[in-house]
Amino acid sequence: RHDAASSLSLSPRALRFAPALNGYDRLRLTAGLELHDQGQGPGFASNASLRGFSSDHSADLALWIDGVPINEPANGHAEGYSDWSLMFPMAIRSIEVFKGPTSALYGNFALAGVVNVRTLERMRGTEAEIQGGAYGRFEATLLSGWDRERSGGVVGLRGLRENGWRPNSGYQLGQGHARIVRDLSTSTALDAGVELYAAGWDSPGFLTTDQVAAGDFDRVSNPTDGGFKHRAQERVSLRVLGRQGLVWRSTIFATQGRWQLFLTTPPEGGTTEGSGSQVEEEDRRYGLGGTSAVTWVGNRGELTLGAEGRLDHSDYQNWFVTNRVRDSAQDLVSSGQGAGALFAQSTIDLGSYLRLNLGGRLDVRRA
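Rules used in this analysis
Residues numbered from 1 in each chain as written. Predicted model: local features only at pLDDT ≥ 70, side-chain atom pairs only at ≥ 80, totals over all residues. Heavy atoms only, no water. Helix = DSSP H or I, 4+ residues; strand = E, 2+ residues; numbered from the N terminus. Rg over C-alpha atoms; globule rule 2.2 N^0.38 Å. Buried < 20%, exposed > 50% of the residue type's maximum accessible area, 1.4 Å probe, protein only. Areas by Shrake-Rupley, 256 points an atom, 1.4 Å probe, with all protein chains shown as cover. Lys, Arg positive; Asp, Glu negative; His and termini not counted. Charge placed at Lys NZ, Arg CZ, Asp CG, Glu CD. Phe/Tyr/Trp six-rings, centres within 6.5 Å; stacked < 30°, edge-to-face > 60°. Pairing = 2+ DSSP bridges. Axes fitted to C-alpha atoms, helices over the stretch in contact; angles between N-to-C directions.

A. View of the overall build of the chain. The helix and strand inventory of the chain stands at three helices and 18 strands. Over its C-alpha trace the chain gives a radius of gyration of 22 Å, about what one expects of a compact globule, namely 21 Å for 367 residues. With respect to the principal axes defined by its C-alpha atoms, the chain has extents near 70 × 45 × 40 Å. Counting across all 367 residues of the chain, residues that qualify as buried make up 47%. For the chain, the accessible area works out to roughly 17,800 Å², and carbon and sulfur atoms hold 56% of it. In the chain, the 37 positive side-chain charges and the 41 negative ones have mean positions that sit 10 Å from each other.

This is the structure:
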């Protein structure tokens, strides 16, 4: 039950057949989000804008996949940095988009809104999909699953490569997805999932204003520019159905990630030839967390009470380098953040055309 004025539910068919290049593009085509691509590669989070918020690296738009928050606290680029490439396109069952902080369930990083993704719990058979396009683009996806009386699951693999429209601008991406559900009794179910993601890219770097004016787009500022990103997350959920419309769901999760990039910055002025200066950034991180909530569903409304907590740690390094060889350090930072919250959300139907939403949330964070 959601307020139709502040939320949007996207159907599997619309998501499946949207001619999208990535997760950001998929939401742009189906949900009407404003997006501004960051050109470094598929592991470099782009900007998703909603309700007028610029949302640098999608930091103000909370992304959740199967009950796991994706935004990264304590990030050198943006607090709440969110890489949507973790979404596995063929395994998406539904996406809900909430406009603004209208739901108390999602909390931190939901200033502009929320993108809540649910994946398939089970399927029968095997599906394969192959796509191609300009600039050497090739994408292949394999999805397989089972649906039995007391268990079900979905397993998927995806690979993508593209040469890019400029020299030294190609990239590769690989994904793995697995979800298994098992009924422990008539009222209790165990649900586990894993998301794996790896990407690597080359970067052609900057162009001077003189080169742009002359249409000379085939230049490469430094052929050693590029980077990679790896990310993994694991989740286990327990769902218990009680009497009189009660549902209790608890989830624990863990995340791990590493990215490294090399980028040459322009020389001063930007109008003359020059090699500029190459910098390296490296980020290693891990996180642990969990949520637990009880929902009561009645004939005219529902009420959810819950709590959540998470702990995130990051080691960030920024170096001056020459052709990927480190010269001197700009920043060497280790940081961590612990967070906890209590929340309540209710929906009451006051009539056929009137619905009242009430919610509240208390967040506590410590860095």
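B. Molecular detail of the packing of aromatic side chains. Per the stated rule, a full pass over the model turns up four aromatic pairs. The interplanar angle of 40° and the centroid separation of 5.5 Å between the aromatic rings of F98 and Y106 together place this pair among those described as tilted. F98 gets classed as buried once you look at its relative accessible area, which sits at 3%. The structure contains a cluster of three or more aromatic residues connected by ring pairs, namely W64, F98 and Y106.

C. Fine view of the pairing of strand β11 (residues 171-183). Bridge count for strand β10 (residues 151-162) against β11 is 12 bridges, and the pairing is antiparallel. Within the sheet, the bridge partner assigned to S151 lies in β11 and is R182. Between β11 and strand β12 (residues 188-202), which pair antiparallel and follow one another directly, the connecting turn spans four residues.

D. View of the sheet that holds strand β16 (residues 301-322). Strand order across the open sheet formed by 11 strands is β8-β9-β10-β11-β12-β13-β14-β15-β16-β17-β18, with antiparallel pairing between neighbours. Every other strand in the sheet has two partners, leaving β8 (125-133) and β18 (355-366) as the edge strands with one partner each. Going across the sheet, the axis of each strand differs from the next one's by a mean of 10°, ignoring polarity. Sheet analysis places strand β15 (residues 277-297) next to β16, joined by 20 bridges and oriented antiparallel. When the sheet's bridge partners are listed, D283 is paired in β16 with Y316.

E. Expanded view of unusual backbone geometry. Even without glycine at this site, S58 takes up a positive phi of about 60°. Positionally, S58 belongs in the loop between β3 (47-49) and β4 (61-65). Look at S58 and you get buried, because its relative accessible area is 0%. Despite not being glycine, Q244 has its phi angle at roughly 55°, a positive value. Relative to the elements of secondary structure, Q244 occurs in the loop between β13 (226-241) and β14 (246-265).

F. Examining helix α2 (residues 23-31) more closely. Every buried residue of α2 is accounted for by G23, Y24, D25, R26, L27 and A31. Immediately downstream of α2, the backbone of G32 shows phi near 75°, a positive value.

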